[in-house]
Amino acid sequence: MPANTPRAGRVLCLGETMAMVTPTHVAPLREAVSFAVKAGGAESTVAMYLADSGVPSSWVSWLGDDPLGWRLLDEVRASGVDVAGVQLVPGAPTGVYFKDPGDGETTVYYYRAGSAASRMDATVLAQLDWEGVAALHVTGITAGLSASCSAMLEAVMLEARRRAITVSFDVNYRPGLWSIEAAGPRLATLAALADLVFVGRDEAETLWGEGHPATLHSRLGLHGSLVVKDGSVGATEVAVVDGSVSSAFVPAHPVDVVEAVGAGDAFTAGYLGAMLGGEPVDACLNRGHGLAARTLGSTHDFVPA
């Protein structure tokens, strides 16, 4: 379990959300005839799954003061998430991305240049409400959006640590945002600030040339827990407890995959909810797999119960 032992309370999720446009039925963008517009963002998806599971959550971000921004705000609020910390920024657009389902793989096209979320900066820190927060959840996506976002993210993580709040960090490397050469060192630095780190085995191998959980935990110099997700194989958690390294593996749930985007965030939400409920590691990993399986069976990132 993380060094900062989680306590009862809400999860504060901070990060970008865009308008996600996806075919209502599995078909390539070029051929699809109907589409759905939903909130698409790693941190807001985690917040919505937590709220859906009965875990209090809040989401903080910047959206454009435009119809899409208001639409996303309404959607996330309607899912039970506290959105009081979201700012609507005049003159800055809400980002948009499109899912293009293919044969066993989905391509994602992003249109986020100059978005409101990419303009987040250190002023966010002064506006955060830490009252009742048990855990902070952030991702590496924020660090790749802009220099101001990267600096803000580190400051928020350090403030949470100062307050002895559990810090959860999902690496979430996005090649479209920055190069491996730039992302690898920065994401390693941020991971070392967290109590709980999530990473896919494939992205760990891409960023750091290492996917073995125990070796990666040591190489990154982590002080808390590391969860390595290995697709349809399963997930492994490595932690150092009282100087000893412990490891737990739970296989993934069998599922007919419709589309994979968003499953990692569902896994994270499942794990965090179980962890805050005091469940053992195996139960946390199993809960993560359960929510991931729900998402894998849909073209949407968030699939309510």
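Notes on the structure in this doc start here. All values reported here derive from a predicted model rather than from experimental measurement. (Residues numbered from 1 in each chain as written. Predicted model: local features only at pLDDT ≥ 70, side-chain atom pairs only at ≥ 80, totals over all residues. Heavy atoms only, no water.)

## Structural notes on the environment of Ala 263
- Summarising the element assignment, Ala 263 is placed in helix H9 (residues 263–276).
- Owing to a relative accessible area of 9%, Ala 263 belongs among the buried residues under this scheme.
- Once the C-alpha coordinates of Ala 263 and Asp 301 are considered, the two residues, 38 residues apart in sequence, prove to be 7.0 Å apart.
- Among all residues touching Ala 263, those that are not within four sequence positions of it are Ala 292, Thr 295 and Leu 296. (Helix = DSSP H or I, 4+ residues; strand = E, 2+ residues; numbered from the N terminus. Buried < 20%, exposed > 50% of the residue type's maximum accessible area, 1.4 Å probe, protein only. Contact = heavy atoms within 4.5 Å.)

## Examining the packing of aromatic side chains
- Counted under the stated rule, the structure contains 4 aromatic pairs.
- The interplanar angle of 90° and the centroid separation of 5.8 Å between the aromatic rings of Phe 98 and Tyr 111 together place this pair among those described as edge-to-face. A residue pair is termed long-range when its members are at least 10 positions apart, and Phe 98 in strand E7 (residues 96–101) and Tyr 111 in strand E8 (residues 106–111) qualify at 13 residues.
- For Tyr 111, a relative accessible area of 52% corresponds to the exposed category.
- An aromatic cluster is present here, built from Phe 198, Phe 267 and Tyr 271 joined pairwise through their rings. (Phe/Tyr/Trp six-rings, centres within 6.5 Å; stacked < 30°, edge-to-face > 60°.)

## Some points on the nonpolar core
- Grouped together as the largest cluster of nonpolar side chains are 46 residues, with contacts concentrated most on Met 157, Phe 169, Leu 187 and Trp 208.
- If you tally residues by element for this core, the top one is helix H5 (residues 147–162), at 6 residues.
- Ignoring sequence-local partners within four residues, the contact set of Phe 169 consists of Val 138, Thr 139, Gly 140, Leu 153, Met 157, Leu 187, Leu 190, Ala 191, Ala 194, Leu 196, Val 197 and Phe 198.
- Listed in part, the 45 residues of the second largest apolar core include Val 11, Val 86, Ala 269 and Cys 284. (Core = buried A, V, L, I, M, F, W, Y, C linked by side-chain atoms within 4.5 Å.)

## As for the pattern of salt bridges
- In the structure shown here, the tally under the stated rule is 11 salt bridges.
- The residue Arg 163 makes a salt bridge to Glu 159 at a minimum N-O spacing of 2.8 Å.
- Exposure remark for Arg 163: the relative accessible area of 37% places this residue in the partly exposed category.
- Residue classification places Glu 159 among the buried residues on the basis of a relative accessible area of 15%.
- Its salt-bridge partner being Arg 201, residue Glu 205 comes within 3.3 Å of it at the nearest N-O pair. (Salt bridge = Lys/Arg side-chain N within 4 Å of Asp/Glu carboxyl O.)

## Examining the sheet that holds strand E9 (residues 133–139)
- If you trace the 8 strands from one edge of the open sheet to the other, you get E4-E1-E9-E10-E11-E12-E13-E14, paired in mixed fashion. Only two strands of the sheet have a single partner each, and these edge strands are strand E4 (57–60) and strand E14 (244–251). The average angle at which neighbouring strand axes cross in this sheet is 15°, direction not considered.
- As paired strands, E9 and strand E10 (residues 166–170) are joined by 5 bridges and run parallel to one another. Across the sheet, the residue bridging to Ala 135 is Thr 166, located in E10.
- Taken strand by strand, H5 contacts strand E1 (10–14), E9 and E10, and its axis lies near 155° from that of E9. (Pairing = 2+ DSSP bridges. Axes fitted to C-alpha atoms, helices over the stretch in contact; angles between N-to-C directions.)

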